[in-house]
Amino acid sequence: MNSNGASTSGISNVAAGGGTLSAKKDSKKPKYSRFTQQELPACKPLLTPGWVITIFMLVGVIFIPIGVIALVASNNVVEIVERYETECLPSDLTDNTQRLQYIQDDTKNKTCQRVLKVPSHMKQPIYVYYQLDNFYQNHRRYVKSRSDKQLLDGASVSSSDTDNCKPEKLLGNKTIIPCGLIAWSLFNDTYQFKIGGQSLHVNKKGISWKSDREHKFGKNVYPANFPNNLSTNTSLIGGASLDLNKSLSEDEDLIVWMRTAALPTFRKLYGKIEEDLTANMTIDVTIKNVYNTYSFGGKKKLVLSTTSWLGGKNDFLGIAYLTVGSLCIFLALVFFLVHLKNPRPLGDTNYLSWNKKGLTSGTVLH
């Protein structure tokens, strides 16, 4: 009996020991380190009133000069903006339905003359943009209506790769290249500039991103079955036609248009004027107004603009810096006056709840 009891006791101890080892082995307790226990040395700044006032004042002193510099750079940009979607139509067309019928009538002459006056000296290069308002290139169905594989590889892609292009996927039973609504709606107004009867050349080379030309549009991909190239059934025409002898990587107007805008009002680069324009110079512009913005109440503008080291004309950045800087200095002054009137020594124990007036010695703290 004793031997059995000892034996049983031994087995129990072994089992208990095995259970302990198993528990240690399966434990999810992380290995101790100063990093996991957050015991590493750390900087814990104490935001005293003096530090807060100094930081706000420093931010204001830095931001205000930056805002002034940005605003001056923006004001040095010279812009000429000419809205023409209604000015280039007969004055008796008062509603968009009549204007739409006029713009879709191929028998009408849609060229018009506009005169631009240079407000101040414009240094080259002068960038020529077209601006569209109320045109939602960021609409989900519009943005998806393209085939990046087809733009790069052409007709060798499978039919499934162009499914997103619908309804501009096929013309009859033939695949459209480039397919999709974006390419189909390519902007096709044109501008010609003259100064004193002499033509002003607009360079259209290098207006697109180099990465787009080299990596997104094929050098051996040419337009095919493109609806806008039709001479009949003009109801299928959406915008500009494409040169069948020019590869997609060479058609920079198309490349610029295919990079869709994020906002309903946007500008796209049309070309560059590579000569200076002097102040008070008069520019005669011949506009071929054929792009339809009347069906959705859009606006069209011609923009000539110089640039500064900060880019184009944009007052927002300078105003934002000035606003934030002025607000910081204002808050610094307010905090300084409050601290001057009601100073509070750091670490004063009189502000502890049990030391405040009104508490009796018999108060029980919870």
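Use the structure listed above.
Here the structure is a predicted model, which is why all the values come from computation and not from measurement.

(A) A look at the packing of aromatic side chains. Considering all chains together, one arrives at 14 aromatic pairs under this definition. Relative to Phe335, the ring of Phe56 lies with its centre 5.7 Å away and its plane at 70°, an arrangement referred to as edge-to-face. Taken as a pair, Phe56 in helix 2 (residues 49-75) and Phe335 in helix 9 (residues 316-341) lie far apart in primary sequence, 279 residues in all. The class of Phe56 is partly exposed, set by a relative accessible area of 25%. Judged by centre distance (6.4 Å) and plane angle (35°), the rings of Tyr130 and Trp257 are tilted. With Tyr130 in strand 3 (residues 126-133) and Trp257 in helix 8 (residues 252-258), the pair connects residues that are 127 residues apart, well separated along the chain. Comparing Tyr130 with Trp257 shows no difference in burial state: the two are buried.

(B) Spatial organisation of the state of the cysteines. Counted by the stated rule, this structure contains 2 disulfides. Through a disulfide, Cys88 is tied to Cys112; the S-S separation comes to 1.8 Å. With Cys88 in the loop between strand 1 (79-83) and helix 3 (96-103) and Cys112 in strand 2 (residues 111-117), this residue pair connects regions lying 24 residues apart in the sequence. Residue Cys88 is classed as buried on the basis of its relative accessible area of 6%. Residue pairing for Cys165: its cysteine sulfur links by disulfide to Cys179, the two sulfurs lying 2.0 Å apart. With a gap of 14 residues between them, Cys165 in the loop between helix 5 (148-153) and strand 4 (170-171) and Cys179 in the loop between strand 5 (174-175) and helix 6 (181-184) connect regions that are remote in the sequence.

(C) Broad picture of the layout of surface pockets. Put simply, the largest pocket is a space of about 780 Å³. In terms of lining, the largest pocket is formed by 29 residues, of which the most central are Asn188, Ile237, Gly238, Gly239 and Val290. When the residues that make up the lining of the largest pocket are grouped by side-chain class, the tally is 11 nonpolar, 14 polar and 4 charged. For the second largest pocket, the calculated volume is near 330 Å³. Forming the boundary of the second largest pocket are 16 residues, of which Leu186, Phe187, Ala240, Ser241 and Asp253 lie nearest the centre. By residue class, the composition of the lining of the second largest pocket is 7 nonpolar, 3 polar and 6 charged.

(D) Representation of the sheet that holds strand 7 (residues 198-200). Strand order across the open sheet formed by 4 strands is 2-9-6-7, with antiparallel pairing between neighbours. At either end of the open sheet lies a strand with only one pairing partner, and these are strand 2 and strand 7. In this sheet, neighbouring strand axes are inclined to one another by 30° on average, regardless of whether the strands run parallel or antiparallel. Here 7 bridges tie strand 2 to strand 9 (residues 282-288), and the two strands are oriented antiparallel to one another. Note on strand 9: the bridge partner recorded for Lys117 is Thr282.

Rules used throughout
Residues numbered from 1 in each chain as written. Predicted model: local features only at pLDDT ≥ 70, side-chain atom pairs only at ≥ 80, totals over all residues. Heavy atoms only, no water. Phe/Tyr/Trp six-rings, centres within 6.5 Å; stacked < 30°, edge-to-face > 60°. Helix = DSSP H or I, 4+ residues; strand = E, 2+ residues; numbered from the N terminus. Buried < 20%, exposed > 50% of the residue type's maximum accessible area, 1.4 Å probe, protein only. Disulfide = S-S within 2.5 Å. 1 Å grid on protein atoms, 1.4 Å probe; cavity = no way out; pocket = protein on both sides within 12 Å on 5 of 7 lines; lining within 4 Å. Points joined across faces, edges and corners; volume = space filled by probe spheres on them. Nonpolar A, V, L, I, M, F, W, Y, C, P; charged D, E, K, R; others polar. Pairing = 2+ DSSP bridges. Axes fitted to C-alpha atoms, helices over the stretch in contact; angles between N-to-C directions.

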